[in-house]
Amino acid sequence: MSDEVVDSNPYSRLMALQRMGIVTNYQAIRQKTVAVVGMGGVGSVAAEMLTRCGVGRLLMYDYDTVELANMNRLFFRPDQAGMTKTAAAAATLTGINPDVALEAFTMNITTLAGFEAFKRSLSDGAGRSRVDLVLSCVDNYEARMTINQVCLELSQAWMESGVSEDAVSGHIQTILPGTTACFACVPPLVVASGIDERTLKREGVCAASLPTTMGIVAGLLVQNSLKYLLEFGSVTRYLGYSSLTDFFPTLDIKPSPGCPSGLEEGLDDLLSQLSALQ
Ligand code: ATP
């Protein structure tokens, strides 16, 4: 057995990041507010990681309840079946770290009322955002487009995440309104074609899901969030993950001149600024 004295304070290992020169002020995490939209396979794990990292405030959104069918993912337990995902997550996360202020919103963000309530919950009352970062961990494009629109209206930075239907690849993307492409600038083909994604569900076909891929995507998402919030390393604009070939592509997606989401204003100026920087 080693004689080394191990500090039992859970924050001391996090503060070591500062002593080792990785971050300049780890404690700044206590002043940060992060919103996690979608508490499924990726969002619940991301919320747990942020809680263990000691984030100051965590807002959680989901309309669904925990089902036994969710047990092939991490985080939720069989005894939580039937609880709303937000209530179950709040109970577990408070037990892990009572220092984190939790706000749970059991709601559908895509309805008309849901859109307004979602925007209000992120706002400070004076038209600005009260959060530092929004993480999109939803599983449909309609919800992603809603997050995109609310974040554009509040000039709020957000990060998108996704796992493929065959469960073996995923991605994360950083969206900074006015700087990077927004979700509507480079929409998936279904969105660009105006197809209702609900009509794409094939009868009898069950999407695959692996706790490994979801855990990896949640880890990539929170790692990128920590770098963004605490200003260390380089924040990725887009990072893909293909598990079959261990391929991690990165991209930088610029705003589209035809963006329908309000970026047209000043876009020429923005583009000339960007090209001057290159
Ligand atoms: P599956 O669809 O594979 O059975 P799931 O519904 O838990 O599982 P995940 O991909 O693991 O899907 O997680 C996505 C989460 O995002 C879900 O918990 C879902 O309820 C939530 N979500 C999706 N759309 C919305 C929305 N419009 N408003 C609030 N939460 C949403």
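In this text, all values refer to a predicted model and were calculated from it rather than measured experimentally. (Residues numbered from 1 in each chain as written. Predicted model: local features only at pLDDT ≥ 70, side-chain atom pairs only at ≥ 80, totals over all residues. Heavy atoms only, no water.)

S.K.: Before we move on, can you summarise the packing of aromatic side chains with the specific residues and values?
M.R.: Across all of its chains, the model carries six aromatic pairs by this definition. Judged by centre distance (6.4 Å) and plane angle (55 degrees), the ring pair of W158 and F183 falls under tilted. In this pair, W158 sits in strand β5 (residues 158-163) while F183 sits in the loop between β6 (169-175) and α6 (189-192), placing the two residues 25 residues apart along the sequence. When sorted by exposure, W158 lands in the same class as F183, which is buried. Clustering of aromatic rings is evident, with ring pairs tying together Y61, F105 and F118. (Phe/Tyr/Trp six-rings, centres within 6.5 Å; stacked < 30°, edge-to-face > 60°. Helix = DSSP H or I, 4+ residues; strand = E, 2+ residues; numbered from the N terminus. Buried < 20%, exposed > 50% of the residue type's maximum accessible area, 1.4 Å probe, protein only.)

S.K.: Please set out helix α7 (residues 211-230) residue by residue, giving values where relevant.
M.R.: Taking 1.5 Å per residue as the helical rise, α7 with its 20 residues ought to reach 28 Å, and the 28 Å between its terminal C-alpha atoms agrees with that figure. Backbone geometry just downstream of α7 places E231 in the positive-phi region, at approximately 55 degrees. (Expected span 1.5 Å × (residues − 1).)

S.K.: Got a sec to walk through the pattern of salt bridges? Specific residues and values, please.
M.R.: Summed over all chains, the structure comprises nine salt bridges. A salt bridge links R57 to E103, with the nearest nitrogen and oxygen atoms 2.7 Å apart. Here E103 lies in strand β3 (residues 101-106) and R57 lies in strand β2 (residues 57-62), a separation of 46 residues in the sequence. The class of E103 is buried, set by a relative accessible area of 18%. Beyond isolated ion pairs, a larger network of salt bridges with shared partners links R57, E103 and R130. (Salt bridge = Lys/Arg side-chain N within 4 Å of Asp/Glu carboxyl O.)

S.K.: Which residues make up the pairing of β2, and what values do they have?
M.R.: Burial of β2 is extensive: five of the six residues sit out of reach of the surface. Of the pairings in the sheet, the one linking strand β1 (residues 33-37) to β2 comprises five bridges and is parallel in character. Directly across from V36, in β2, lies its bridge partner M60. Note that the unit made of β1, helix α2 (residues 43-52) and β2 has a crossover that is right-handed. Relative to β3, β2 is paired through six bridges, and the arrangement is parallel. Looking at β3, one finds that L58 is bridged to L102. Viewed along the sheet, the connection from β2 through helix α3 (residues 85-96) into β3 turns out right-handed. (Pairing = 2+ DSSP bridges. Right-handed = clockwise from strand over helix to strand, strands pointing away.)

S.K.: Talk me through the pairing of β5; I want residue IDs and the actual numbers.
M.R.: For β5, the tally of buried residues reaches five of six residues, placing the bulk of the element in the interior. Pairing geometry for strand β4 (residues 133-136) and β5, over three bridges, is parallel. Paired with L135 across the bridge in β5 is M159. In this structure, β5 lies alongside β6, joined through six bridges in antiparallel fashion. Note on β6: the bridge partner recorded for V163 is G170. Connecting the antiparallel pair β5 and β6 is a turn made up of five residues, with A167 showing a positive phi of about 70 degrees.

S.K.: Let's hear about the nonpolar core: which residues, and what values?
M.R.: Membership of the largest hydrophobic core comes to 41 residues, with the highest contact counts inside it found for V34, V36, L50, L58 and L135. For this core, the secondary-structure elements that each account for two or more residues are β1, α2, β2, α3, β4 and α7. When residues of this core are assigned to their parent elements, the largest contribution, eight residues, is made by α7. Ignoring any residue separated from it by four or fewer positions in sequence, one finds V34 in contact with L50, V55, R57, L58, L59, L133, L135 and L229. (Core = buried A, V, L, I, M, F, W, Y, C linked by side-chain atoms within 4.5 Å. Contact = heavy atoms within 4.5 Å.)

S.K.: Requested: an account of the layout of surface pockets, with residues and values cited.
M.R.: Estimated volume of the second largest pocket: approximately 150 Å³. In terms of lining residues, the second largest pocket is bounded by L14, L17, V23, Y26, R52, C53, Q223, L226, L230 and F232. Take the lining of the second largest pocket: its biggest share by element is three residues, from α7. For the lining of the second largest pocket, the class distribution of residues is eight nonpolar, one polar and one charged. (1 Å grid on protein atoms, 1.4 Å probe; cavity = no way out; pocket = protein on both sides within 12 Å on 5 of 7 lines; lining within 4 Å. Points joined across faces, edges and corners; volume = space filled by probe spheres on them. Nonpolar A, V, L, I, M, F, W, Y, C, P; charged D, E, K, R; others polar.)

S.K.: Quick one: what's the story with unusual backbone geometry, residue by residue and with numbers?
M.R.: For residues besides glycine, phi is generally negative; the peptide bonds are generally trans as well. Even without a glycine there, the phi angle at S155 is positive, about 50 degrees. Positive phi is not limited to glycine here, since D246 has a value of about 55 degrees. Residue placement: D246 occurs in the loop between β7 (238-242) and α8 (267-277).

S.K.: Break down the sheet that holds β4 for me, with residues and values.
M.R.: Read from one edge to the other, the open sheet built from seven strands follows the order β3-β2-β1-β4-β5-β6-β7, with strand pairing classed as mixed. Two strands close off the open sheet at either side, each with one partner strand: β3 and β7. For this sheet, the mean inter-axis angle between neighbouring strands, taken without regard to orientation, is 15 degrees. Strand contacts of helix α5 (residues 141-153): β1, β4, β5 and β6, with the helix running at about 170 degrees to β5, the strand carrying the most contacts. In the packing of α7 onto the sheet, the strands contacted are β1, β4, β5, β6 and β7, and the crossing angle to β5 comes to about 165 degrees. (Axes fitted to C-alpha atoms, helices over the stretch in contact; angles between N-to-C directions.)

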